[in-house]
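# Residue-level structural notes
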Protein chains: 2
Amino acid sequence: MLAIGTLSRRTGTKVQTIRYYEEIGLMNEAGRTAGGQRRYFEKDLDRLAFIRHSRQLGFSLDSIRELLDLSDNPSQSCAEADSIARRQLRQVEQRIKRLQALKKELKRMVAECEGDSVAECKVLEVLRDHSECLTEHDEIGA
Amino acid sequence: MLAIGTLSRRTGTKVQTIRYYEEIGLMNEAGRTAGGQRRYFEKDLDRLAFIRHSRQLGFSLDSIRELLDLSDNPSQSCAEADSIARRQLRQVEQRIKRLQALKKELKRMVAECEGDSVAECKVLEVLRDHSECLTEHDEIGA
DNA sequence: CCTTCAATCTACAGCAACTGTAGTTTATCC
DNA sequence: GGATAAACTACAGTTGCTGTAGATTGAAGG
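To keep things clear, this report deals only with the structure shown in the data block. (Residues numbered from 1 in each chain as written. Chains lettered and ligands numbered in written order. Predicted model: local features only at pLDDT ≥ 70, side-chain atom pairs only at ≥ 80, totals over all residues. Heavy atoms only, no water.)

## Overview of the interface of chain A and chain B
Residue-level contacts link 59 residues of chain A with 57 residues of chain B. The contact between chain A and chain B buries some 4900 Å² in all, and 71% of this surface belongs to carbon and sulfur atoms. Viewed at the interface, chain B and chain A are joined by 2 salt bridges. Between Lys107(B) and Glu93(A) there is a salt bridge, with the nearest N and O atoms lying 3.7 Å from each other. Summed over the shared surface of chain A and chain B, the result is 6 residue pairs in polar contact (both at pLDDT 80 or more). Residue assignment for the side of chain A that touches chain B shows that the elements contributing at least two residues are helix H3 (42-56), helix H4 (61-72), helix H5 (79-112) and helix H6 (122-128) of chain A. Ranked by the residues each element gives to the side of chain A that touches chain B, the list is headed by H5(A), at 19 residues. Along the lines of polarity and charge, the residues of the side of chain A that touches chain B split into 29 nonpolar, 16 polar and 14 charged. (Contact = heavy atoms within 4.5 Å. Buried area = accessible area lost by both parts, 1.4 Å probe. Salt bridge = Lys/Arg side-chain N within 4 Å of Asp/Glu carboxyl O. Polar contact = N/O pair within 3.5 Å; in protein donor to acceptor, adjacent residues only side chain to side chain. Helix = DSSP H or I, 4+ residues; strand = E, 2+ residues; numbered from the N terminus. Nonpolar A, V, L, I, M, F, W, Y, C, P; charged D, E, K, R; others polar.)

## Details of the sheet that holds strand E2 (residues 31-32) of chain B
Residues and elements named next belong to chain B. Taking strand neighbours across the sheet as the criterion, the 3 strands line up as E1-E3-E2 in an open arrangement whose pairing is antiparallel. The open sheet has two free edges, formed respectively by strand E1 (2-3) and E2, since each of these has just one partner strand. Note: E2 against strand E3 (residues 38-40), 2 bridges, orientation antiparallel. Bridge pairing in E3 places Gly31 opposite Arg39. (Pairing = 2+ DSSP bridges.)

So, in structure tokens, the structure goes:
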């Protein structure tokens, strides 16, 4: 039987975060000692590791919930899991695209800055006037 | 004199967001009509546009606050604004790097999935077992 | 002048995904 | 049996908004 701190250490998850996952139903309710402390099995550790790893790959808690459901029912089709992963991949690619546009703009902004006083600062000037931008960046960078 | 809805339309900012910016002190407190509605000058519109544009470039509200301060005091050195922009650039580059690692991993995951049942689903397998990953991705993707 | 209706107002709850704090109780080790 | 680390609950705070409810206001048309 594992205490919550052991799960915490072994998965690099804050104790409060584990309790939070229980609260929102991602982790099963843990068994308790007579004194009320949570005690876990190895399988709980595996589940938490799955959640953490998925988070590291950028999946939302909602997606992870779906993936866990699939994982719990091994007879289902794999297609669902595949499509969740593809969706995540598309999102990541989207974000990269947007960030690359931002990077370009920021680079240009910084490169052109050579004035010594704020009055002639290119950085502030660009921020003041969107029309100086080369690219469109209408969505706020996630 | 401009109503809040006009600022909203002209900058693509939700009305509540403008009020929120006032609440946290990013926008100056607007003048009011006898009936209590906010009325703005052109300079307020400019300030809001500056804020929005900076947000689109991914600056945090705290950074924007600094940038606005600089912009309000045009005799200061430009170095400060420059360093804020460079910091932002570094952050963006960092995020791109991380996302590219994720993308690689997700691509591999999706590419290898060919089993038809969840039991042999590569996606779920990879999520279960971090050691199957090629890259480290210890930080949760922002 | 009066009605009407969109626009605005305040106040507060909610989102994602945690993180931090305070104050208390439990488990473990010597 | 005492000390101390670790666990407990409950709740506030983070970032940057967004949405809702219910009450007013302002401008245009008749």
